[in-house]
Amino acid sequence: MPPDEPLILEVAIPSPLYRSFDYRAPPVHGDIRPAAGMRVLVPFGRRQLVGVILATRRHSSVPGSKIKNALSVLDTEPVLGANLMELLNWAARYYQHPIGEVITAALPVLLRKAGSRGGADRRVWKLTDAGRARSADEPGRAARQALVLAQLAAHPEGLPRSALPVPLAVLRALHQKGWVSCGEPLATASSGASANRAPPALDLSHAQQQAVAAVSDCFGSFQAFLLEGVTGSGKTEVYLRLIDPLLAQQRQVLVLVPEIGLTPQLVSRFRKRFATEIAVLHSGLNDSQRLQAWEAAARGRAQLILGTRSAIFTPLLRPGLIIVDEEHDASLKQQEGFRYSARDLAVWRAQRLGIPVLLGSATPSLESLYNVHQGRYRHLQLPERAGQALVPRLRLLDLRGQPMRDLLSEPLVVAMDRHLQHGGQVLLFLNRRGFSPVLLCHACGWVAECKRCDARMTLHQRHAELRCHHCGSQRPVDRFCPSCGSSELVGIGEGTERIEQALRERFPAHPVLRIDRDTTRRKGELEAALAEARSGQARILLGTQMLAKGHHFPAVTLVAVLDADQGLFSVDFRASERLAQLIIQVAGRAGRADKPGEVLIQTHHPEHPLLQLLVERGYPAFAEAALEERREALLPPYASMALLRAEATRADYPRDFLLAARQLAEPLVQASLQLWGPVAAPMERRAGRYRAQLMFQATDRMALQQLLRKLVPLLESEKQARRVRWSIDVDPVDLT
Ligand code: ADP
Ligand code: ZN
Ligand code: ZN
């Protein structure tokens, strides 16, 4: 290449613009060549930003005079390898999200800054006592030294080389002065020894054996599996048996879970079984811990990588298998910003990598069951509980005409008494926190509403507060009705706080433990509460869906769903699927060991076909019926959906924008595609903003993709767009 014709870098920049930017490559140092996946520092407006090179080219379509020079290439090797870049490019296109933001989302925070990555160097730099004194009283003789001292002062746990944006010479100088030290990080995971601990002497059931054999047969090639088995049927044991031989072959296994709360349990089971380094990626890590875990995965040092949805973007050196646990869970879909489904990306990534992917659940999503029907996924079933444990019996409790206080019907109280007397533990489920969802004036009918949302305030009695569960605003409880002045303000309806109080009165001899977002807000509180629940000390457990997910409570013999009607009549077509999943998940907490479980479901609609089917014939029968309904209504998974949302502080702006969007879209619409709206969101005003949406529905996924691809650039330049915040949600899981 002639020296007067520098390379053109196509760069993804963290900005909400749907495009990449061309820069001229900076002068090359040594033999390092800029390449896709490397970070680069570039001028952008008046700022300098860290971007990622998407591609390098000889020519740009941008006139030469308009192309700026990149300032420096920050890496000597790609931080995002070819596989990962391919995944991110695809995800940006499929989810219609700006590439720069997609790539930024995949990078650990410390790599979004201009530090160098520092190769395989795991050591961290820390302030010494002398350095701490300096950093306090002597800022900046040498600016770069001062910067390092300030950064290290803010990170007492130490920072890796890659987080410090200065040449090594600066660090050496500080080291010579005795102000900083460099050493091994505190161990965040057991390291090294590859020998796995002996598996327990536990004979796999026939179904487990078949599942393990089916997946093992596909090691080294792509195949998606759906592992369906009730709670306690031994799914996790299947995971462990699959991981074992892969680790022996030096392969890596990526395990995704929907919630961070579920990781400790799984990690402890992994640690008991495997003596390998485990990288756990979750939101509780600080930036340097996260970078270390990321590096450990990228370098192949960590063989087991466990994390919540964003862990799908973890680089892997020698991938062997991806597991998505609780694949039905809505938390696997990111609901804001870059709205991706970690489960669907897992399948895509596995396909590109040529490795199997295993989706596990007691209550598979209708999407995955549909993919089984289509022959895309293979269905593995564990029909029974492992060992001797019995599957609990489900029974509907007809609430109509029952004497009842605080959602505790007589038959339920009788059953609770019976189980408690026999030493069983009782778990009550109610998906509504707070004392009561409505505060009503008995004199005039006034109801406390949120000032910023179209929603009622929830009464939190212990804190004497009204809180909005949609925008988080709160205020002291009114003592007098603002409308008529009466003091007769009463809480209507039941939340967990009220039930807790009722339980303490009804069952004074039995300790009650409430687990919901209000009782577990602070760090460590959830773990402590779960430990207390498992210890059996608390006899009555009461909680929201936090309690329903994945946790094992071996002594629970009675589970009650206090109010199943909540999910029966909703505008969201997925509500019934969610309700069924939730009921079965909660039911799965009962009778795991030798104690048979009993599950009671309170409802005013015992004749509801969904509940009937679920109780009498189980989740698989329910799912078949629900799929049939979706097929008839042409709803997902029988159609593809996308939602264009807009919001603004004025109600007419989002509607006007979406009307304009509709007009832009209409000429692009093919026969297989329908537009619905614009309509106001089910809760139009939230946090002071008015929200509306336009829905796209297509029987042909490709047609929808093509339309969106053409529409997005038009939306970007649409005048009305400047007055709203808009976003596209492809395959939305939440329609509100
Ligand atoms: P799941 O992940 O489906 O909830 P687990 O794998 O956690 O199920 O298994 C539930 C319990 O049964 C665990 O205590 C596990 O050790 C035990 N278990 C699993 N498989 C077997 C088996 N084949 N024989 C005996 N016990 C088993
Ligand atoms: Zn009043
Ligand atoms: Zn609100």
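Quantities reported herein were computed from a predicted structural model and do not represent experimental measurements.

Caption draft 1: Structural context of the overall build of the protein chain. Assigned secondary structure in the protein chain consists of 19 helices and 33 strands. Against the globule reference of 27 Å for 736 residues, the protein chain gives a C-alpha radius of gyration of 28 Å, in line with a compact fold. Principal axes of the C-alpha set define a box for the protein chain whose edges measure 90 × 65 × 60 Å. Across the 736 residues that make up the protein chain, the buried fraction comes to 54%.

Caption draft 2: Looking closely at the coordination of the zinc ion (ligand 2). Taken together, the protein ligands of the zinc ion (ligand 2) are Cys441 (SG), Cys444 (SG), Cys481 (SG) and Cys484 (SG), with distances of 2.2 to 2.4 Å. Coordination at the zinc ion (ligand 2) is tetrahedral: its 4 donor atoms span angles of 107 to 111° at the metal.

Caption draft 3: View of the coordination of the zinc ion (ligand 3). Taken together, Cys450 (SG), Cys453 (SG), Cys468 (SG) and Cys471 (SG) make up the protein donors of the zinc ion (ligand 3), found 2.2 to 2.3 Å from the metal. Note that the zinc ion (ligand 3) binds 4 donor atoms; their angles at the metal cover 105 to 113°, and the shape is tetrahedral. Positions of the donor residues of the zinc ion (ligand 3), expressed as sequence spacing, correspond to C-x2-C-x14-C-x2-C. Taken together, the residues Cys453 in the loop between strand E21 (438-441) and strand E22 (458-460) and Cys471 in the loop between strand E23 (465-467) and strand E24 (474-476) connect sequence positions 18 residues apart.

Caption draft 4: Layout of the site of ligand 1. In the neighbourhood of ligand 1, 18 residues make up the surrounding shell, with Asp203, Gln208, Gly232, Thr236 and Arg269 lying closest. Measuring from a nitrogen atom of ligand 1, one finds a backbone N or O atom of Asp203 at 2.8 Å. Here an oxygen atom of ligand 1 and a side-chain polar atom of Arg269 are 2.6 Å apart. Calculation on ligand 1 without its partners gives an accessible area of 560 Å², and the protein chains cover 76% of this total. When the residues that make up the shell around ligand 1 are grouped by side-chain class, the tally is 4 nonpolar, 9 polar and 5 charged.

Cut-off values and rules
- Residues numbered from 1 in each chain as written.
- Chains lettered and ligands numbered in written order.
- Predicted model: local features only at pLDDT ≥ 70, side-chain atom pairs only at ≥ 80, totals over all residues.
- Heavy atoms only, no water.
- Helix = DSSP H or I, 4+ residues; strand = E, 2+ residues; numbered from the N terminus.
- Rg over C-alpha atoms; globule rule 2.2 N^0.38 Å.
- Buried < 20%, exposed > 50% of the residue type's maximum accessible area, 1.4 Å probe, protein only.
- Donors = N, O, S within 2.8 Å, 3.2 Å for Na, K, Ca; no water.
- Tetrahedral: all angles 85-135°; square planar, octahedral: opposite > 155°, others 65-115°.
- Near = heavy atom within 4 Å.
- Polar contact = N/O pair within 3.5 Å; in protein donor to acceptor, adjacent residues only side chain to side chain.
- Areas by Shrake-Rupley, 256 points an atom, 1.4 Å probe, with all protein chains shown as cover.
- Nonpolar A, V, L, I, M, F, W, Y, C, P; charged D, E, K, R; others polar.

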